[in-house]
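As a plain string of letters, each chain reads:
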Amino acid sequence: MPLGRISTYKDQYDPGLLYPIARAVKRAEIGIKTLPFFGVDIWNCYELGWLNPRGKPQVAIAIVTVPADSPNIIESKSLKLYLNSFNNTRLESEQALHLLLQADLSEACGATVSVRLLPAEAFGAGPDKMVDGQLLRKDLDPFLSVAEPEGLSLDRLDIDCEHFTPAPQLLSADREERPVTETLRSNLLKSNCLVTGQPDWGSIQIHYSGHPIRQEGLLQYLVSFRNHNEFHEQCVERIFVDIQRQCAPHRLAVMARYTRRGGIDINPFRANFSLPLPANIRTARQ
């Protein structure tokens, strides 16, 4: 694994730089035998460049969507190294780059991965911007906007925090109250990289239907990840499973948006009921 090691940055295309990590190991630790959810991991890759056939640099943002039932995740530093390997690689077209990314990432993840390239012409697109003969509108492409997750902020609560490793016993639901449907959010999620111990900062949104989850305990539980070492995807799955076990909502969806590191932000989404995938809207910290 390249993470935590001094690396040589290659600038010629090398798919062998991708380092897959099996999801099954951590899922077994969490207690997941069969998946209690579906979902995706959305990677926004901001540092992507290559050369056209005449050697002129090109840039784009890659939006990569990985299904949650893929056997593997890709270690993020290896993804950065892989993307950097295009820096001095001449490609015939943006389509040629797209095909390489789609094939290489799908092979590493062990499942079909969706790749979308946002070209430089679209970076500042306004309501009436034409790109490649097509009308591009901010309201139709939310990734071009910056917004915060919807929902009632848990951060408004004045609480004592004493647990800084995951403490699912803090979670509970008021079973004397009638079921509700609500969306809660917090910007206080922080965990650490499993390998390097470097901090990972995130915002989280929790949507559920069921007996009301006690909000003070939920916020204390989210804060309890502060000294926990785990990858983004694993943290979100742990949060999903803990809420499901402790509070037993009928429906549950958990989305986290992490700040970028190495030019990449990773945004896992997990749900146990049918609903559209969340809009890929960047938060202010991303």
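For clarity, every value in this text was computed on a predicted model and none was experimentally measured.

Cut-offs and rules
- Residues numbered from 1 in each chain as written.
- Predicted model: local features only at pLDDT ≥ 70, side-chain atom pairs only at ≥ 80, totals over all residues.
- Heavy atoms only, no water.
- Axes fitted to C-alpha atoms, helices over the stretch in contact; angles between N-to-C directions.
- Helix = DSSP H or I, 4+ residues; strand = E, 2+ residues; numbered from the N terminus.
- Parallel < 35°, antiparallel > 145°, perpendicular 65-115°, else oblique.
- Left-handed = near helix turned anticlockwise from the far one by under 90°.
- Contact = heavy atoms within 4.5 Å.
- Nonpolar A, V, L, I, M, F, W, Y, C, P; charged D, E, K, R; others polar.
- Polar contact = N/O pair within 3.5 Å; in protein donor to acceptor, adjacent residues only side chain to side chain.
- Buried < 20%, exposed > 50% of the residue type's maximum accessible area, 1.4 Å probe, protein only.
- Pairing = 2+ DSSP bridges.
- Phe/Tyr/Trp six-rings, centres within 6.5 Å; stacked < 30°, edge-to-face > 60°.
- Lys NZ or Arg CZ within 6 Å of the ring centre and 35° of its normal.

### Concerning the packing of helix α4 (residues 215-223) against helix α5 (residues 232-247)
Interhelical geometry of α4 versus α5 gives an angle of 150° and a closest axis separation of 12 Å. Taken together, α4 and α5 sit at an angle that is classed as roughly antiparallel. Crossing of α4 against α5: the hand is right-handed. On α5, the residues touching Leu218, Tyr221 and Leu222 of α4 are Arg238, Ile239, Asp242 and Ile243. Broken down by class, the residue content of the contact of α4 with α5 amounts to 5 nonpolar, no polar and 2 charged.

### Some remarks on the environment of Glu237
Position of Glu237 relative to the elements: it lies in helix α5. Taking the C-alpha atoms as reference points, Glu237 and Tyr208, 29 residues apart in sequence, are found 15 Å from one another. Excluding residues within four positions of it along the chain, Glu237 makes contact with Arg23, Arg27, Ile30, Ile32, Phe37 and Arg270. Among the polar contacts made by the side chain of Glu237, one reaches the side chain of Arg270 at a distance of 3.0 Å.

### Structural notes on unusual backbone geometry
Glycine aside, the phi torsion of most residues is negative, and most peptide linkages are trans. Here the phi dihedral of Ala248 falls at roughly 50°; this positive angle occurs in a residue that is not glycine. Position of Ala248 relative to the elements: it lies in the loop between α5 and β11 (251-258). Since its relative accessible area comes to 37%, Ala248 is described here as partly exposed.

### So, the packing of helix α2 (residues 76-84) against helix α3 (residues 94-109)
Between α2 and α3, whose axes approach to 12 Å, the crossing angle comes to 150°. It follows that α2 is roughly antiparallel to α3 by the angle criterion. Crossing hand, α2 versus α3: right-handed. Here Leu79, Tyr82 and Leu83 of α2 come into contact with α3, specifically with Leu100, Leu101, Asp104 and Leu105. Per-class residue counts for the contact of α2 with α3 are 6 nonpolar, no polar and 1 charged.

### Examining the pairing of strand β12 (residues 264-271)
Taken across its 8 residues, β12 has 8 buried, putting it largely inside the fold. Burial along β12 is two-sided: Ile264, Ile266, Pro268 and Arg270 facing one way and Asp265, Asn267, Phe269 and Ala271 facing the other are all buried. As paired elements, strand β2 (residues 38-51) and β12 share 8 bridges and run antiparallel to each other. If you follow Gly39 over to β12, its bridge partner there is Arg270. Here β11 runs beside β12; their pairing, made up of 3 bridges, is antiparallel. Bridging from a neighbouring strand, Met255 pairs with Phe269 of β12. Two successive antiparallel strands, β11 and β12, enclose a turn made up of 5 residues, where Gly262 displays a positive phi of approximately 60°.

### Structural notes on the packing of aromatic side chains
The final tally for this structure, using the stated rule, is 5 aromatic pairs. Consider the rings of Tyr82 and Phe86, whose centres lie 5.3 Å apart with planes at 80°: the pair is edge-to-face. Residue classification places Tyr82 among the buried positions, given a relative accessible area of 0%. Judged by centre distance (5.3 Å) and plane angle (90°), the rings of Tyr221 and Phe225 are edge-to-face. Through a chain of ring-to-ring contacts, three or more aromatic side chains come together here, namely Tyr13, Tyr82 and Phe86. Across from the ring centre of Trp201, 5.9 Å away, lies the NZ or CZ of Lys190, which sits over that ring.

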